[in-house]
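Commentary on secondary and tertiary structure
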Amino acid sequence: MPLPAFLTQRHGELHVEDVSLDALARAHGTPLFVYSKAAMLQALGAYQRGLAGRAHLICYAMKANSSLAILQTLVRAGCGLDIVSGGELERALAAGCAPERIIFSGVGKTRAEMRRALAVGIGCFNVESRAELAVLDEVARAAGRRARVSIRVNPDVDARTHPYISTGLKDNKFGIAHDEVIDTYRQAAACESLDVVGIDCHIGSQITQAGPYLDALERVLDLVEAIELTGTRLHHIDFGGGLGIDYHGDTPPAADELWAKLLQRLDVRGFGDRQIMIEPGRSIVGNAGVCLTEVLYQKPGEHKNFLIVDAAMNDLPRPAMYQAYHRIEPVRSRTDTTALTWDVVGPVCESGDWLGRDRELAVQPGDVLAVLSAGAYCMSMASNYNTRGRAAEVLVDGAQATVIRQRETAADQMRLETPLP
Ligand SMILES: *Cc1c(COP(=O)(O)O)cnc(C)c1O
C-alpha cells in the first residue's frame with residue numbers, strides 16, 4: 001500500500017521528508033509526534049487551487065491539531081482559523097492569526113468566551129441555537145460592540161461516516177434544524193447588536209465521498225434562497241470541514257476536484273459570487289503526522305500475541321474512542337526476525353488501550369514503530385491519564401527537524417496542584 005506523501009522508505013529506513021525517523025526517535029525519545037511541513041502545505045494547496053479565483057477564506061479547524069508551530073505554519077501559508085473554545089482563541093492569537101480571520105464554532109460558547117472574542121474582534125460567530133443568538137446579542141450590547149454571525153444549519157444529510165463523527169443528521173446536537181432555519185434568521189435579523197453575514201454547515205468528519213457534500217450544498221442553497229426572500233443578504237457561505245483522509249485504503253476525493261464540482265453547482269444556482277468559507281481540519285494535518293513508539297515487550301499468548309509499546313490511548317485516543325484504524329510500520333525493516341501477528345497495545349490500565357489489532361510485524365523489543373496518519377485528533381486529544389506526560393513534537397522541513405513541543409514532565413503535570421500541608 002502506498003505511503004502518505006513525504007513519508008518514504010530509503011535503504012530500509014522510514015523518512016519524513018529528508019529526516020530518518022529512527023534517528024529522531026533516538027535523539028528525542030518516544031512517544032514522539034513528527035510532522036511534515038511539506039505534507040501540510042501540499043494538503044492546504046489542494047484547497048487553495050480548488051478555490052483560486054474565488055473570494056474565499058480557508059479557516060483551518062484547529063481542534064484537529066492546535067500546536068502553536070502547526071498553527072503558525074498554516075497561518076503564514078494564508079489560513080484563517082476555526083476555533084471552538086476560548087482556549088483555542090488564545091492559541092490562535094498567539095500563533096499570529098489576524099482576529100478578523102478567526103471564526104468561532106461550537107454549541108456551548110460561554111458569555112466569557114463571547115466577550116473575549118468580541119473584544120479582540122473576531123470575524124464571525126457560527127451560532128448553533130436560538131438561545132445562543134439571544135445571549136450573544138445581549139453580551140454584544142453590554143460590551144457596546146456588534147457581533148457578526150452566521151447560523152449553522154443542519155442540512156439533514158447522511159455523511160456516511162462513523163456515528164460519533166457524523167454531525168449533519170436531524171438527531172444530533174449540532175446546528176439549527178432545517179425547518180427552523182427561516183425563523184432563526186428572522187430572530188437574528190431583529191437582534192439589535194448582531195450583523196447577519198453568513199450561513200454555515202458541517203456535516204461530519206472523515207467523509208470519503210463527494211455525494212454528501214453535493215447533497216448538503218443543494219439543501220443549504222435552498223435555504224439561502226428562502227432566507228434572502230426575507231430580506232437578509234448572506235455575504236458568505238461556509239461549508240465546514242469533514243473531508244476524509246486515507247487511513248487504510250480510503251479513497252476520499254481530492255480537495256481541488258471536490259471543489260470543482262461544488263463550485264460548478266454554486267454557479268449554476270447563481271451563488272458563485274458569494275465568499276466561500278471552509279473549515280478543514282483532518283484533511284490538512286492528518287496524513288502529515290506520525291507517532292513514533294518503542295516496542296517494550298513481546299507477550300505471546302495462546303490466542304493473541306501482544307506487542308506492548310510505549311505509546312498509549314492517552315497519546316493516540318482514536319482507536320479506543322472510535323475503533324479507528326492507524327497503519328503501523330517499523331521505522332527500520334528487519335530481515336533477521338519472522339513476522340508474527342500482534343495486537344499492538346499501550347501500557348495504560350484499560351482493555352481499550354490498543355493502537356492496532358492483528359498486525360503482521362517483524363519486530364524485537366527496542367525497535368521503533370511509526371503509527372501513521374497521526375497528525376489530526378491525536379496530540380490535540382492527548383491526556384495525562386495514568387500520569388503519563390504528553391509526547392514531544394517535531395516539525396520537519398526538508399532536512400531540518402525542529403522540536404516544537406518538549407516532552408511533558410511529571411512536575412509539569414503537578415504544577416497547578418496544591419498538596420495538603
Ligand atoms: C471539527 C470541525 C471541523 C473540522 O472537521 P474535519 O473533519 O477535521 O475537517 C470543521 N468545522 C466544525 C464546526 C467542526 O466542529
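Within an unreviewed UniProt entry, the label attached to the protein reads Diaminopimelate decarboxylase, and the organism entered is Hydrogenophaga intermedia. We quote the UniProt Function (unreviewed entry) comment for the protein here in full: "Specifically catalyzes the decarboxylation of meso-diaminopimelate (meso-DAP) to L-lysine." The record in UniProt for the protein states the following under Subunit (unreviewed entry): "Homodimer."

**Topic: the UniProt feature "active site" (unreviewed entry) in the protein**
Mapped onto this numbering, the UniProt entry gives "active site" (unreviewed entry) at Cys349. Its location among the elements puts Cys349 in the loop between strand E17 (340-345) and strand E18 (354-361). Apart from the residues lying within four places of it in its own chain, the contact partners of Cys349 are Tyr385 and Asn386.

**Brief notes about the pattern of salt bridges**
The tally for this structure, following the rule as stated, stands at 29 salt bridges. The salt bridge partner of Asp137 is Arg141, with a shortest N-O separation of 2.8 Å. One end of the pair, Asp137, and the other, Arg141, are both in helix H6 (residues 130-143), 4 residues apart, so they sit about a helical turn from each other. Asp336 is the salt-bridge partner of Arg334, the closest N and O atoms lying 3.0 Å from each other. By relative accessible area, Arg334 is classed as partly exposed at 28%. Bridged by salt links that share partners, the residues Glu218, Asp222, Glu225, Arg265 and Arg269 form one connected network.

**Notes on the state of the cysteines**
Inspection of every chain in the model, using the stated rule, returns 0 disulfides. Free cysteine Cys79: the closest other cysteine sulfur is in Cys59, separated by 8.1 Å.

**Observations regarding the site of the ligand**
In the vicinity of the ligand there are 14 residues, among which Lys63, Ser205, Gly242, Glu279 and Tyr377 approach most closely. Contact between the ligand and His202: a nitrogen atom at 3.5 Å from a side-chain N or O atom of the residue. Between the ligand and Gly281 there is a distance of 2.9 Å, counted from an oxygen atom to a backbone nitrogen or oxygen. Notes on the ligand: free accessible area 390 Å², of which the protein chains cover 93%.

**With respect to the packing of aromatic side chains**
For any pair of aromatic rings, geometry is given as the distance between the ring centres together with the angle between the planes. According to the stated counting rule, one finds 3 aromatic pairs in the structure shown. On the numbers, 6.3 Å between centres and 10° between planes, the contact of Phe33 with Tyr35 is stacked. Here Arg357 stacks its cationic end above the ring of Trp354, 4.0 Å away from the centre of that ring.

**Things to note about the sheet that holds strand E1 (residues 7-10)**
Here 3 strands make up an open sheet; going across it, the order is E1-E2-E3 and the pairing antiparallel. Two strands bound the open sheet, and with one partner strand each, they are E1 and strand E3 (19-20). With 4 bridges joining them, E1 and strand E2 (residues 13-16) adopt antiparallel strand pairing. Bridging across to E2, Gln9 finds its partner in Leu14.

**What to know about the domain arrangement of the protein**
Parsing the protein into structural domains produces domain 1 (7-36 + 286-414) and domain 2 (105-280). Using only C-alpha atoms to locate each centre, domain 1 and domain 2 end up separated by 36 Å. Between domain 1 and domain 2, the contact holds 10 residues from the first and 7 residues from the second. With both sides pooled, the region where domain 1 packs onto domain 2 buries about 790 Å², and carbon together with sulfur makes up 57% of that total. Among the residues domain 1 hides against domain 2, the three largest losses belong to Asn287, Tyr322 and Tyr325. Together they make up 52% of the total. Along the contact surface separating domain 1 from domain 2 lie 0 salt bridges. Viewed at the interface, domain 2 and domain 1 are joined by 2 residue pairs in polar contact (both at pLDDT 80 or more). Across the side of domain 1 that touches domain 2, the residue classes tally to 3 nonpolar, 5 polar and 2 charged.

**Details of the packing of helix H2 (residues 37-51) against helix H9 (residues 255-268)**
Where H2 meets H9, the closest approach of the two axes is 7 Å, and the angle between their N-to-C directions is 25°. Compared by their axis directions, H2 and H9 come out roughly parallel. The way H2 lies across H9 gives a crossing that is right-handed. Counting all contacts with H2, which are made through Ala46, Tyr47, Arg49, Gly50 and Leu51, the residues of H9 involved are Ala255, Asp256, Trp259 and Leu263. For the contact of H2 with H9, a count of residues per class yields 6 nonpolar, 1 polar and 2 charged.

**Some thoughts on the nonpolar core**
Counting 99 residues, the largest nonpolar core has Tyr60, Phe125 and Ile199 as the members making the most contacts within it. For this core, the element with the highest residue contribution is helix H8 (residues 211-229), accounting for 8 residues. Two domains each provide a minimum of three residues to this core, namely domain 1 (7-36 + 286-414) and domain 2 (105-280). Excluding anything up to four places from it in sequence, Tyr60 contacts Asn65, Ile70, Leu71, Leu74, Cys79, Gly80, Leu81, Asp82, Pro280, Gly281, Ile284 and Val285.

**Structural notes on the side chain of Asn65**
Counting through the fold element by element, Asn65 comes out in the loop between strand E5 (56-61) and helix H3 (68-76). By relative accessible area, which is 1% here, Asn65 ends up buried. Of note is the side chain of Asn65, whose polar atom sits 3.1 Å from the backbone nitrogen of Ser67. Not counting residues within four places of it along the chain, the set of residues in contact with Asn65 comprises Tyr35, Tyr60, Ile70, Leu71, Val285, Gly375, Ser380 and Glu393.

**Quick word on H2**
The α-helix advances 3.6 residues per turn, and as a result positions three or four apart in sequence lie on the same side. An ideal rise of 1.5 Å per residue puts 21 Å on 15 residues; H2 measures up with 21 Å between its terminal C-alpha atoms. Looking at H2, one finds that the buried residues are Ala39, Met40, Ala43, Leu44, Gly45, Ala46, Tyr47, Gly50 and Leu51. Once H2 ends, the next one or two residues include Gly53, with phi positive near 85°.

Reading guide: rules and limits
- Residues numbered from 1 in each chain as written.
- Predicted model: local features only at pLDDT ≥ 70, side-chain atom pairs only at ≥ 80, totals over all residues.
- Heavy atoms only, no water.
- UniProt positions renumbered as here; feature names shortened; annotations may be inferred.
- Helix = DSSP H or I, 4+ residues; strand = E, 2+ residues; numbered from the N terminus.
- Contact = heavy atoms within 4.5 Å.
- Salt bridge = Lys/Arg side-chain N within 4 Å of Asp/Glu carboxyl O.
- Buried < 20%, exposed > 50% of the residue type's maximum accessible area, 1.4 Å probe, protein only.
- Disulfide = S-S within 2.5 Å.
- Near = heavy atom within 4 Å.
- Polar contact = N/O pair within 3.5 Å; in protein donor to acceptor, adjacent residues only side chain to side chain.
- Areas by Shrake-Rupley, 256 points an atom, 1.4 Å probe, with all protein chains shown as cover.
- Phe/Tyr/Trp six-rings, centres within 6.5 Å; stacked < 30°, edge-to-face > 60°.
- Lys NZ or Arg CZ within 6 Å of the ring centre and 35° of its normal.
- Pairing = 2+ DSSP bridges.
- Domains from an automatic or database assignment.
- Buried area = accessible area lost by both parts, 1.4 Å probe.
- Nonpolar A, V, L, I, M, F, W, Y, C, P; charged D, E, K, R; others polar.
- Axes fitted to C-alpha atoms, helices over the stretch in contact; angles between N-to-C directions.
- Parallel < 35°, antiparallel > 145°, perpendicular 65-115°, else oblique.
- Left-handed = near helix turned anticlockwise from the far one by under 90°.
- Core = buried A, V, L, I, M, F, W, Y, C linked by side-chain atoms within 4.5 Å.
- Expected span 1.5 Å × (residues − 1).

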